[in-house]
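# Observations on chain architecture
Residues per chain are reported as follows:
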Amino acid sequence: MTLPGEQLSLAAEFPQPGLEQWRELVAGVLRKSGVTELPEFPESRLSRTTYDGIKVNPLYTRDDAAPQTGLPGLAPYTRGSRPEGAVAGGWDIRQRHSHPDPATAREAVLADLESGVSSLWLTLGGDALPIAALPQVLDGVYLDLAPIVLDAGADTEAAAEALFALAAQRGVADTELTGNLGADPLGLRARTGADTDVPAAAALAARVAAKYPGLRALTVDATVFHDAGGSDAEELGASLAVATAYLRALTEAGLDIDAAFGQLEFRYAATADQFLTIAKFRAARRLWARVGEVCQASEPAQRQHAVTSTAMMTARDPWVNMLRTTLACFGAGVGGADSVTVQPFDACLGLPDDFARRIARNTQSLLVEESHVARVIDPAGGSWYVERLTEDLATAAWAFFTEIERAGGFETALADGLIESRLTATQAKRAKRIAHRKDAITGVSEFPNLTEKLPVRQPNPAPPTGGLPRVRYAQDFEDLRTAADNAPQRPTVFLATIGSVAAYTARSTFAGNLFQAGGIATPDSGPGTDAAQIAAAFKDSGASVVCLCGNDKAYAEHAAPIAEALKAAGAQRIWLAGKPGERAESDKAAGIDDYIFAGCDALGVLRGTLSELGVAF
């Protein structure tokens, strides 16, 4: 028992573990897995490096602690922009609507508001909702209760005037209108390459600051940098550069520094990497507080809108997107985002249906109402891992931001190609890892489903183009799947399975996953080692490409005669599942052309195979 005033130590009866003990255990596990040469610190074999060069270790201790992060609601706002966090009612659940038919859009808007959504994000102009239809779309919506966020691109001023007129017509007081007008001229320039008018946006912001205290005029939409393939630090650094350019324009338009800060809202992408997402939103607030400190702003808390990443979404096996967006939403919520938008799982296929919108909003409601994620202020705070990751991410982002500023600011860096070159280089690294399946995409590059039947959706409004590229990580693999699906006959690679089921299953499963990722069917020969029988089964399959699958012992005994029999049966190319070893020369002599293995260029293998099979892509 403990006496009053004494501290209870739950681990008092156990010996104090040490780092060296843990390292010895790690070394033992690595040796059992086949690692023979271990570095001085064996845990380094379990580390990974992010696209920002940040090393993520398998274990963190108090020696990895970051500088003091302060308290929630106080500078540097790392732990949250409000002292109470989202405890009172959760974060703002914001849903996006872009259906071009006003009646359909209105029905979806009302359904969302009746079922948990607390603010609306409307895409206006172009192929999306007509600006003139704004009164119809918002018919039945209480403008003094539901914040309205506009996204009208080059038509921002016209959309803003339509919203002002609608509020006045309904008798909504200027002080009761809330939301954001969505002016983002520099973000639009980055997306489209078109010249945009920053002073006009600043003038609109000055007007809003004077008349509509609940509105913000400007959005710093950093998702344009994320969608172009940028890293988390690059997304943060570029957003700071855009926001700083806006601050200069706003103060030149007559706003004081505090009013200028109050006109900005930041939009960031949330991904399925939950810890990087948590760290990103925490780091973003800290970085913006540093800008505020330099500018001598009194309360430079950052207003954040999280949107689940478009780049991570897939068109194939789209139901997996529900899992991706759940992780992303969790990361954004734990990271302290003020508003969160979960994209519907079918976003890559077209305009979402009622079911997809319902799942999207209920993802957030479940996290808030049932999982109680918002009940704790900064739940990641105090985690050595998260604090260290937040610090490292903030440092990398600040370095990119200052690089842009040294180059002359965002507009100059964008025009000179500095920003695009950095984003492109990062995307090239990512694309290589995806091609080699080191960054797996479930349902696309790993565990594809060739028999899936995709839902049919009305096409999405065409997004603006002409500026930075738009990247979707799964696109290259999905293009091959589409080409294979559209071929007159399903392309096929025959799996010559050697030995017993236990002997070949591991490698036949690997080979099947790889080839099916390109839409290629993979019938197999079943258990056995008879070369003539395997060759006959290959001939009956109608395939012209084959892959040998077995264990190393089976290869040593049977690979050569089976390969020779397959060549005689008409095999144009023979792959072997496994790395080439000492038998490479004998394999080549037997007719084995190449190898597939974990870490190989899967995309290159698929492109070459489909080309050999006569599939155009």
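Not measured: the values here are computed from a predicted model.

## Observations regarding the packing of aromatic side chains
- Taken as a whole and judged by the stated rule, the model has 12 aromatic pairs.
- For the ring pair phenylalanine 266 and tyrosine 268, a centre distance of 6.1 Å and an interplane angle of 20° mean the geometry is stacked.
- By relative accessible area, tyrosine 268 is classed as buried at 0%.
- Seen from their ring centres, tryptophan 398 and phenylalanine 401 are 5.1 Å apart, and the 65° between their planes marks the pair as edge-to-face.

## Some thoughts on helix H13 (residues 384-406)
- Taking 1.5 Å per residue as the helical rise, H13 with its 23 residues ought to reach 33 Å, and the 33 Å between its terminal C-alpha atoms agrees with that figure.
- If you check which residues of H13 are buried, you get Tyr385, Val386, Glu387, Leu389, Thr390, Glu391, Leu393, Ala394, Ala397, Phe400, Phe401 and Ile404.
- Taken together, the buried residues of H13 touch strand E1 (48-49), strand E2 (55-56), helix H8 (232-252), helix H10 (274-295), helix H14 (410-415) and helix H15 (418-435).
- Positive backbone phi, approximately 115°, marks glycine 408, located one or two places after H13.

## Concerning the pairing of strand E13 (residues 573-577)
- For E13, the buried fraction is high: four of the five residues fall into the buried class.
- Across four bridges, the pairing between strand E12 (residues 545-549) and E13 is parallel. Residue pairing in the sheet places valine 545 in a bridge with arginine 573 of E13.
- With three bridges joining them, E13 and strand E14 (residues 594-596) adopt parallel strand pairing. What sits directly across from alanine 577, in E14, is isoleucine 596.
- Once the chain exits E13 it traverses helix H20 (residues 584-590) before rejoining the sheet at E14, and the crossover so formed is right-handed.

## Some words on the pairing of E12
- Counting buried positions over the five residues of E12 gives five, a clear majority of the element.
- Taking every second residue as pointing to the same face, both faces of E12 are buried, with Val545, Cys547 and Cys549 on one and Val546 and Leu548 on the other.
- Here strand E11 (residues 493-497) runs beside E12; their pairing, made up of five bridges, is parallel. For alanine 496, the partnering residue across the bridge sits in E12 and is leucine 548.
- As a crossover connection, the stretch from E12 through helix H19 (residues 552-568) into E13 is right-handed.

## Section: the sheet that holds E13
- What the four strands build is an open sheet, ordered E11-E12-E13-E14; its pairing is parallel. Strand pairing shows two members of the sheet lacking a second neighbour, E11 and E14, which therefore form its edges. With strand direction ignored, the average angle separating the axes of adjacent strands in the sheet is 30°.
- The strands that helix H18 (residues 531-541) touches are E11 and E12; relative to E11, the one it contacts most, it runs at about 165°.

## Re the layout of surface pockets
- Of the pockets and cavities examined, the second largest pocket occupies roughly 850 Å³.
- In this structure, the second largest pocket is lined by 31 residues; those nearest its centre are Tyr51, Asp273, Arg430, Asp439 and Tyr473.
- Residues belonging to the lining of the second largest pocket are distributed by class as follows: 14 nonpolar, eight polar and nine charged.

## Regarding empty space enclosed by the protein
- Throughout the structure, instances matching the rule amount to two cavities of 30 Å³ or more.
- Approximately 190 Å³ is the volume attributed to the largest cavity.
- At three residues, the largest contribution of residues to the lining of the largest cavity is made by helix H11 (residues 321-335).
- Partitioning the lining of the largest cavity into residue classes produces 10 nonpolar, six polar and five charged.
- Together, Asn321, Met322, Thr325, Val342, Gln343, Pro344, Phe345, Ala356, Ile359, Ala360 and Thr363 line the second largest cavity.
- Every element with two or more residues in the lining of the second largest cavity is listed here: H11 and helix H12 (354-370).
- It is H12 that contributes the most residues to the lining of the second largest cavity, four residues altogether.
- Classifying every residue of the lining of the second largest cavity by side-chain character gives seven nonpolar, four polar and no charged.

## Details of the environment of leucine 610
- Its place among the elements puts leucine 610 in helix H21 (residues 602-612).
- Measuring from C-alpha to C-alpha, the distance between leucine 610 and leucine 423 comes to 30 Å, with 187 residues separating the pair along the chain.
- Discounting residues that sit within four places of it in the chain, leucine 610 has contacts with Leu480, Ala484, Pro491, Gly518, Ile520, Val615 and Phe617.

Calculation notes
Residues numbered from 1 in each chain as written. Predicted model: local features only at pLDDT ≥ 70, side-chain atom pairs only at ≥ 80, totals over all residues. Heavy atoms only, no water. Phe/Tyr/Trp six-rings, centres within 6.5 Å; stacked < 30°, edge-to-face > 60°. Buried < 20%, exposed > 50% of the residue type's maximum accessible area, 1.4 Å probe, protein only. Helix = DSSP H or I, 4+ residues; strand = E, 2+ residues; numbered from the N terminus. Expected span 1.5 Å × (residues − 1). Contact = heavy atoms within 4.5 Å. Pairing = 2+ DSSP bridges. Right-handed = clockwise from strand over helix to strand, strands pointing away. Axes fitted to C-alpha atoms, helices over the stretch in contact; angles between N-to-C directions. 1 Å grid on protein atoms, 1.4 Å probe; cavity = no way out; pocket = protein on both sides within 12 Å on 5 of 7 lines; lining within 4 Å. Points joined across faces, edges and corners; volume = space filled by probe spheres on them. Nonpolar A, V, L, I, M, F, W, Y, C, P; charged D, E, K, R; others polar.

Function-wise, these values are silent; they only describe arrangement.
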